[in-house]
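A structural walkthrough
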Amino acid sequence: MTTKAADILEHDRTGKPVNPYDPGYCAIATIIKETKRLCVELNTGYHEPQETHTLFERIVGHPVDPSFRLNPPFYTDFGHNIEIGRGVLINWGCTLMDRGGITIGDGTFIGPNVQLITINHSKNPMDRATTMSLPITIGKRVWIGAGAIVLQNVTIGDGAIVGAGAVVTHDVPAGSIVAGNPAREIGRV
């Protein structure tokens, strides 16, 4: 990767606008193209658990602890900005749009059809192709229920529970139980 490519990738993780017509964007586009190909390979047909793990490591571009479990299908736009802790489970049909960076702590369970979205588009209709990315950080031993959506720039604290179908737009304190749209605290663990 060239210095310019590394610069545009770092820039992409900061919330600063990235225009797909910028010459440096080709570094992002190249990774996205390969990630799409690998996701299709992962999601086509049955794979033994070790094969699934190996394909996931190729998608994220680095080693992942052997205790990680994934039930495909799995979708991501980028892949290289996903960090997974020990003992994490990502269940069926999850989508991780990770250009802003997604960190998932040890022992976290992510239910079926959960979406973690770190990217957003410009509000200006004349500049809609421009994107801004910010991270999602998920603590240790978190449980995210089926169909929940977590949006960019959110931190979910250790031990929290996100109810099925919740839309998380703000930070979730450790030990909180949140539900609804937008998600709000409904209890404590």
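Predicted model, so just to flag it, every value in this text is computed and none were measured.

Here the focus is the sheet that holds strand S1 (residues 69–70). Taken in spatial order, the 7 strands make up an open sheet running S1-S4-S7-S12-S15-S17-S18, and their pairing is mixed. Each edge of the open sheet is held by one strand with a lone partner, namely S1 and strand S18 (184–188). As judged from the 2 bridges shared by S1 and strand S4 (residues 89–90), these two strands associate in the parallel manner. Among the inter-strand pairings, Arg 69 is bridged to a residue of S4, identified as Leu 89.

Right, let's talk about the nonpolar core for a bit. Counting residues in each nonpolar core, the largest one holds 36 residues, and the members touching the most others are Ile 90, Ile 104, Leu 116, Ile 144 and Ile 156. Those elements giving two or more residues to this core turn out to be helix H2 (26–43), helix H3 (49–60), strand S3 (82–84), strand S5 (94–97), strand S6 (102–104), strand S11 (136–138) and strand S14 (154–156). At 4 residues, the largest contribution of residues to this core is made by H3. Of all hydrophobic cores here, the second largest spans 6 residues; its members include Tyr 25, Ile 28, Ile 31 and Ile 32.

Cut-offs applied
Residues numbered from 1 in each chain as written. Predicted model: local features only at pLDDT ≥ 70, side-chain atom pairs only at ≥ 80, totals over all residues. Heavy atoms only, no water. Pairing = 2+ DSSP bridges. Helix = DSSP H or I, 4+ residues; strand = E, 2+ residues; numbered from the N terminus. Core = buried A, V, L, I, M, F, W, Y, C linked by side-chain atoms within 4.5 Å. Buried < 20%, exposed > 50% of the residue type's maximum accessible area, 1.4 Å probe, protein only.

Distances and angles like these do not, on their own, reveal function.
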